[in-house]
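Chain by chain, the residues:
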Amino acid sequence: MSTTTLAVLVPLLPFLGAVAGLLLGRRAPGFVRPLAVLPVLAAAVLAVLVAVRQGGGKPIVASTELTPTGSVPIDLSLYLNGFAVLVAVLVGLVATCVQLYSTAYLREDPRYSSYAALVSLFTSAMLLVVYTGDLMVLLVGWEVMGICSYFLVGHYWETEAARSASLKAFLVTKLGDVPFLIGLFALATDADSFEIPKVLGAVAAGGLDHPTLIALLLLGGVAGKSAQFPLHTWLPDAMAGPTPVSALIHAATMVAAGVYFVARLLPVFAASAAALVVMAVMAAVTMLGSGLAALAQDDIKRVLAYSTIGQLGYMIGALAVADRGAAVFHLLSHGVFKALLFLGAGVIIHGAGTNSLAAMSRMDGLAKRIPDAFWTMTIALLALAAIPPFAGFFSKEAVLVAAEHAAGGHSESAPSAAGWVVLVAGVLTALLTAAYATRLWLMAFRGRGAAAPDHGKEPVAMTGVLWVLAIPTIGLGLCAGPIADWFDGNELSPTLTTSVLGTGAAAVGAVLTYALWQRATAKAAAAPAAAEQPSAVSAATAAAESAAEAPEVAEVTHEHPAVPAGPAADPGRALLGPLHRHAADGFHLDAVYDRLFVRPVRAAASLVRFLDREVVDTYVSGAGAGPRLLGSLVRRAQTGNVQSYLSALLAGAVVLAIATAVLANVNAGS
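Quick summary incoming for the structure in this document. (Residues numbered from 1 in each chain as written. Predicted model: local features only at pLDDT ≥ 70, side-chain atom pairs only at ≥ 80, totals over all residues. Heavy atoms only, no water.)

This next bit is on the overall build of the protein. The secondary structure content of the protein amounts to 28 helices and 6 strands. Dimensions of the protein, computed from C-alpha atoms along their principal axes, come out at roughly 120 × 75 × 55 Å. A burial count over the protein gives 55% of its 670 residues as buried. For the protein, contacts bridging at least 24 residues in sequence account for 82% of all contacts bridging at least 6. If you sum the accessible surface of the protein, you get close to 27,400 Å²; carbon and sulfur atoms cover 67% of it. On the protein, the mean spot of the 37 positive side-chain charges and the mean spot of the 40 negative ones are 7 Å from each other. (Helix = DSSP H or I, 4+ residues; strand = E, 2+ residues; numbered from the N terminus. Buried < 20%, exposed > 50% of the residue type's maximum accessible area, 1.4 Å probe, protein only. Contact = heavy atoms within 4.5 Å. Areas by Shrake-Rupley, 256 points an atom, 1.4 Å probe, with all protein chains shown as cover. Lys, Arg positive; Asp, Glu negative; His and termini not counted. Charge placed at Lys NZ, Arg CZ, Asp CG, Glu CD.)

Taken as a whole, this structure holds 15 aromatic pairs when the rule is applied. Seen from their ring centres, W142 and F261 are 5.9 Å apart, and the 70° between their planes marks the pair as edge-to-face. Here the residue W142 occupies a position in helix 5 (residues 135-153), and F261 occupies one in helix 11 (residues 254-264), the gap between them amounting to 119 residues. Considered together, W142 and F261 belong to a single accessibility category, that of buried residues. Relative to F394, the ring of F393 lies with its centre 5.1 Å away and its plane at 80°, an arrangement referred to as edge-to-face. (Phe/Tyr/Trp six-rings, centres within 6.5 Å; stacked < 30°, edge-to-face > 60°.)

Taking 1.5 Å per residue as the helical rise, helix 19 (residues 391-407) with its 17 residues ought to reach 24 Å, and the 25 Å between its terminal C-alpha atoms agrees with that figure. Looking one or two residues beyond helix 19, the residue adopting positive phi is G409, at roughly 80°. (Expected span 1.5 Å × (residues − 1).)

This brings us to the nonpolar core. Soluble globular proteins tend to bury their nonpolar side chains together. Within the largest apolar cluster, 203 residues are counted, with the highest numbers of intra-cluster contacts made by Y131, W234, F261, L265, V268, F269 and F487. The residues contacting F261, other than those within four sequence positions of it, are L135, L138, W142, F180, L184, L218, V222 and F269. (Core = buried A, V, L, I, M, F, W, Y, C linked by side-chain atoms within 4.5 Å.)

It is worth spelling out the packing of helix 8 (residues 211-225) against helix 11 at this point. The contact between helix 8 and helix 11 brings their axes to 7 Å, and the two run at 150°. Here helix 11 runs roughly antiparallel to helix 8, going by the angle between their axes. In this structure, helix 8 meets helix 11 at a crossing whose hand is left-handed. In this structure, helix 8 uses L218, V222 and K225 to contact helix 11, whose residues at the interface are M254, V255, A257, G258, F261 and V262. Taken together, the residues of the contact of helix 8 with helix 11 break down into 7 nonpolar, 1 polar and 1 charged. (Axes fitted to C-alpha atoms, helices over the stretch in contact; angles between N-to-C directions. Parallel < 35°, antiparallel > 145°, perpendicular 65-115°, else oblique. Left-handed = near helix turned anticlockwise from the far one by under 90°. Nonpolar A, V, L, I, M, F, W, Y, C, P; charged D, E, K, R; others polar.)

Evaluation of the coordinates by the stated rule reveals 10 salt bridges. Between E143 and K174 there is a salt bridge, with its nearest N and O atoms 2.4 Å apart. Here E143 is found in helix 5, whereas its partner K174 is found in helix 6 (residues 160-191), with 31 residues between them in sequence. By relative accessible area, E143 is classed as partly exposed at 27%. (Salt bridge = Lys/Arg side-chain N within 4 Å of Asp/Glu carboxyl O.)

By the element assignment, T103 lies in helix 3 (residues 82-105). For T103, a relative accessible area of 17% gives the class buried.

Below, the structure written as structure tokens:
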């Protein structure tokens with residue numbers, strides 16, 4: 001079977017599995033789980049075969065015209081270069097792990113069949129984006145992911161949190177898709193084609209008339225999809241969906257699509273130095289803001305959500321300095337360990353019965369109750385904090401090396417200003433990342449208080465997946481040398497300067513957080529009569545309170561022994577000081593957007609409604625009232641009395657005769 005045929009089957013198999021799952025979900029429930037897992041697993045295996053055959057060599061290009069348009073044709077095409085086939089492997093691996101994990105995590109969910117089908121469709125759409133060589137076909141996969149995210153984030157639609165989160169995710173991403181669509185058409189007009197190879201050829205030949213405008217329009221859609229400032233606010237709220245969905249969205253599909261798109265069309269963005277500077281500033285603000293916000297979150301999933309936003313900022317920063325190899329390498333590394341973090345968080349939520357870090361910090365021995373999650377989460381957090389030799393260290397160092405290269409003026413495309421912005425923000429974010437990773441680990445696994453409950457061993461479908469993802473989390477970075485050919489042959493090894501800067505900043509963040517945690521723990525233990533108060537709060541109560549933010553908690557809450565009430569040992573409060581309250585609320589961006597956009601739009605809608613009802617409807621009603629009034633007057637004359645009709649006729653004749661006589665006299669006198 002040819003490589004092209006295998007590549008066609010990769011997105012097709014999950015799509016067919018989704019259709020079959022929707023059709024057979026109610027009629028044959030026994031087939032739901034096989035249809036959820038097997039097509040995605042087969043697609044992952046085929047993606048590996050395609051990657052091996054492509055081998056990091058020349059791109060594999062194949063196309064057939066889908067439909068004539070009279071001007072710019074739309075083609076069904078494949079464009080398989082090195083990093084495209086590796087991203088497809090990541091998507092297949094994470095989607096397979098999510099589907100396996102979900103068979104246990106959502107085993108009692110009455111809507112599991114539709115959920116599994118949507119996950120398969122989501123996977124198929126992302127694989128279509130990865131493999132296609134036509135921008136219009138890419139747009140189809142782009143939008144299908146958007147609607148899938150709407151349904152999956154709103155899976156627990158009975159709760160207000162899930163409904164509002166799904167709607168917010170849909171509207172914010174669509175807001176970015178408007179300029180994105182305009183940019184695609186402008187790009188195709190200048191390049192006279194939607195095919196990616198032809199577009200890149202036109203860019204190389206200097207065929208773009210408006211490179212800055214096109215790049216900024218496309219960047220709007222990327223900011224929405226990849227949750228970059230200022231369109232990032234939907235992602236933390238999307239934690240209202242099931243935890244496996246969070247793993248899929250954050251690790252390998254929706255948010256990765258924007259980064260992948262820029263990497264795919266990097267020459268388009270590199271054609272404008274202004275666009276690269278804008279990308280660098282956007283990435284810097286996103287990295288630093290999300291790092292500060294992550295330090296103030298109590299919900300374990302929201303910590304990871306802000307972490308995702310920051311790590312995506314690293315990828316956009318690498319693209320801003322025109323190094324797509326570093327960006328895609330970090331995308332792959334982050335996709336593995338972030339999937340592990342979210343799926344591990346799901347095990348923690350199952351075991352603790354709450355998603356609140358404050359509640360976990362008042363439990364003793366949680367790590368011993370869920371050892372698989374403890375060890376694998378520890379590995380993933382070390383990777384997130386960029387501690388060697390884990391994957392995150394090598395991929396983050398690749399980004400910092402690229403930024404240092406551009407800052408020194410050694411990049412042919414990126415201005416040095418973009419390099420300095422990304423480098424400084426990247427080092428500071430490394431400190432913040434290590435700080436909130438350490439905080440999460442300490443609060444989740446080093447709590448002190450009542451003994452954590454023991455609910456037995458978690459299902460193998462959940463814990464086994466964690467160890468599968470732990471393998472590349474440990475070893476992917478060590479493969480940076482052998483897989484360099486898949487990244488345009490660029491060197492991905494760290495340098496001494498960036499290693500000292502990045503690792504040193506991470507060490508400072510981790511040590512400082514640990515010291516502040518010890519002090520906070522001592523203060524919490526010394527709280528007056530905290531352990532002797534008669535009132536106690538149970539972990540089940542904490543779980544019930546947090547269920548509004550993570551609705552699946554309500555399905556897995558267990559009865560726990562009472563946990564003494566009192567302040568939680570949270571080093572984030574000491575680290576942030578007066579910023580903590582603002583960071584916990586995402587720096588009030590939702591409130592700002594509400595005042596700047598939501599309220600004016602609602603006011604404008606109210607004005608339009610008033611004008612429609614009171615002005616336009618008045619004229620329309622008046623146009624009908626005139627004939628109705630005339631008709632009522634005429635109706636009064638229609639009495640049915642013949643004598644009245646004759647009298648009126650006679651009176652009319654007399655009036656006409658008198659009028660004729662008067663007119664005749666007037667004319668005679670003149």
